[in-house]
Amino acid sequence: GVQLDHAGFGVKGDAVTLNLENKFVHSNTIHSKKTSHLIFKNRLKNNIPLYHNTYRFANEYADHFIKGFSVAYKLFLNSTNELVHSPLSPIINFKNVEIRYVWRPTLVYYKIHKHMHSHVFMSDAEEYKNKLRNLLSIAYKKGQFDKYYFILESEIKQMLDGNIPYFSLNSVSCCLNNNETATIFQYNSIENIIYRLQRLSEAHQHAQIEHITKWLQITRSN
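All figures in this text were calculated on a predicted structure; none of them were measured in a lab.

K.L.:
Outline the packing of helix 3 (residues 106-115) against helix 5 (residues 125-137), supporting the account with residue identities and numerical values.
P.N.:
Axis separation between helix 3 and helix 5 bottoms out at 11 Å; the angle between their running directions is 150°. In terms of their interaxial angle, helix 3 and helix 5 are classed as roughly antiparallel. The two elements helix 3 and helix 5 cross, and the hand of that crossing is right-handed. Every residue of helix 5 that contacts helix 3 at Tyr-109, Ile-112 and His-115 is listed here: Lys-131, Leu-132, Leu-135 and Leu-136. Of the residues assigned to the contact of helix 3 with helix 5, the class counts are 5 nonpolar, 1 polar and 1 charged.

What follows is the structure in structure tokens.
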């Protein structure tokens with residue numbers, strides 16, 4: 001039932017919407033009443049390029065967008081053997097470097113941070129920490145997550161410092177924070193790049209272009 005904001009995807013839709021919004025005034029008093037107002041909402045924010053005071057949408061440049069994607073895809077497809085097997089492959093430069101990894105979507109952490117700003121939790125540090133632990137630990141109560149509790153503890157510590165948690169790993173490791181007791185990923189970062197390169201094909205390219213074309217054909221809100 002929620003309107004899809006196509007502008008958020010960079011495609012041209014309703015730039016401004018008109019909605020009927022109900023509000024209560026003088027709530028919890030004998031004079032409480034509901035009022036209705038027409039609200040204009042600008043759905044274009046900072047996500048759409050502005051050029052010469054005119055918003056530029058991706059579907060106005062559909063042919064260029066698809067052509068650019070196709071050229072880039074062909075470049076990787078034709079260079080797969082060199083990228084995977086050559087001793088001069090640029091991928092080699094990414095071996096044994098530190099990578100940052102976010103365990104959950106940052107929006108999840110943001111919502112928890114926002115929820116914890118309530119005055120109910122701000123009066124006592126221990127209560128704040130316990131509530132934070134309860135919220136973060138929900139995801140660990142399903143399945144066998146015992147060996148991943150070190151991630152939970154790190155999440156709690158970083159969020160208590162007011163940060164969005166992130167972890168580090170070596171590009172040739174499958175473990176977070178150098179914890180070799182818990183393998184997190186099926187492939188390390190270098191292996192994952194090679195795996196994806198080897199899956200490139202003309203059929204896959206055409207399938208991706210179909211997805212892009214459908215996206216670029218969106219012209220109005222539902």
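K.L.:
Go over the packing of aromatic side chains with me, naming the residues and quoting the values.
P.N.:
On inspection of all chains with the given rule, the structure shows 6 aromatic pairs. For the ring pair Tyr-187 and Tyr-195, a centre distance of 4.9 Å and an interplane angle of 20° mean the geometry is stacked. A relative accessible area of 30% means that Tyr-187 is categorised as partly exposed. The residue whose ring lies beneath Arg-100 is Tyr-166, and the NZ or CZ to ring-centre distance is 4.2 Å.

K.L.:
With reference to specific residues and values, describe the packing of helix 5 against helix 6 (residues 149-160).
P.N.:
Here helix 5 crosses helix 6 at 135°, and the two axes come no closer than 10 Å. Relative to helix 6, helix 5 is oriented oblique. Here helix 5 and helix 6 pass one another in a crossing that is right-handed. Side by side, helix 5 and helix 6 meet where Tyr-128, Lys-129, Leu-132, Arg-133, Leu-136 and Ser-137 of the first sit next to Leu-152, Glu-153, Glu-155, Ile-156, Met-159 and Leu-160 of the second.

K.L.:
An account of helix 6 is needed here, citing residue identities and associated values.
P.N.:
A rise of 1.5 Å per residue sets the reference length of helix 6, with its 12 residues, at 16 Å; its end C-alpha atoms lie 17 Å apart and thus fit the reference within 8%. Listed as buried for helix 6 are Ile-151, Leu-152, Ser-154, Glu-155, Ile-156, Gln-158 and Met-159. Summarising the contacts, the buried residues of helix 6 are in contact with helix 3, helix 5 and strand 6 (167-170). Of the residues trailing helix 6, Gly-162 is marked for its positive phi of about 85°.

K.L.:
Tell me about the environment of Asn-130, and please be specific about residues and values.
P.N.:
Along the chain, Asn-130 turns up in helix 5. Sequence separation of Asn-130 and Ile-156 is 26 residues, and the distance between their C-alpha atoms is 9.7 Å.

K.L.:
Just give me the short version of unusual backbone geometry, but keep the residues and values in it.
P.N.:
Of note in the backbone geometry, Asn-53 takes a positive phi value of approximately 60° without being a glycine. Structurally, Asn-53 is set in the loop between strand 3 (50-51) and strand 4 (54-55). Its relative accessible area of 73% is what places Asn-53 among the exposed residues. One non-glycine residue with positive phi stands out, namely Asn-96, at about 60°. With a relative accessible area of 56%, Asn-96 lands in the exposed category.

K.L.:
So what about the state of the cysteines? Which residues, and what values?
P.N.:
Between two cysteines, a covalent bond joining their sulfur atoms is known as a disulfide. One pass over the structure, following the stated rule, counts 0 disulfides. There is no disulfide at Cys-174, and the cysteine sulfur nearest it, in Cys-175, is 6.5 Å away. Owing to a relative accessible area of 17%, Cys-174 belongs among the buried residues under this scheme.

K.L.:
Residue-level account of the nonpolar core, with values.
P.N.:
Ranked by size, the top nonpolar core spans 18 residues in total, and within it Leu-132, Leu-136 and Ile-151 carry the most contacts. For this core, the elements supplying multiple residues, two or more each, are helix 3, helix 5, helix 6 and strand 6. Broken down by element, this core gets its largest block of residues, 4 residues, from helix 6. Filtering out sequence-adjacent residues up to four positions away, Leu-132 remains in contact with Ile-112, Met-116, Ile-156, Met-159 and Leu-160. Judged by nonpolar contacts, the second largest core, of 5 residues, contains Val-84, Ile-91, Ile-190 and Leu-197.

Reading the values: rules and limits
Residues numbered from 1 in each chain as written. Predicted model: local features only at pLDDT ≥ 70, side-chain atom pairs only at ≥ 80, totals over all residues. Heavy atoms only, no water. Axes fitted to C-alpha atoms, helices over the stretch in contact; angles between N-to-C directions. Helix = DSSP H or I, 4+ residues; strand = E, 2+ residues; numbered from the N terminus. Parallel < 35°, antiparallel > 145°, perpendicular 65-115°, else oblique. Left-handed = near helix turned anticlockwise from the far one by under 90°. Contact = heavy atoms within 4.5 Å. Nonpolar A, V, L, I, M, F, W, Y, C, P; charged D, E, K, R; others polar. Phe/Tyr/Trp six-rings, centres within 6.5 Å; stacked < 30°, edge-to-face > 60°. Buried < 20%, exposed > 50% of the residue type's maximum accessible area, 1.4 Å probe, protein only. Lys NZ or Arg CZ within 6 Å of the ring centre and 35° of its normal. Expected span 1.5 Å × (residues − 1). Disulfide = S-S within 2.5 Å. Core = buried A, V, L, I, M, F, W, Y, C linked by side-chain atoms within 4.5 Å.

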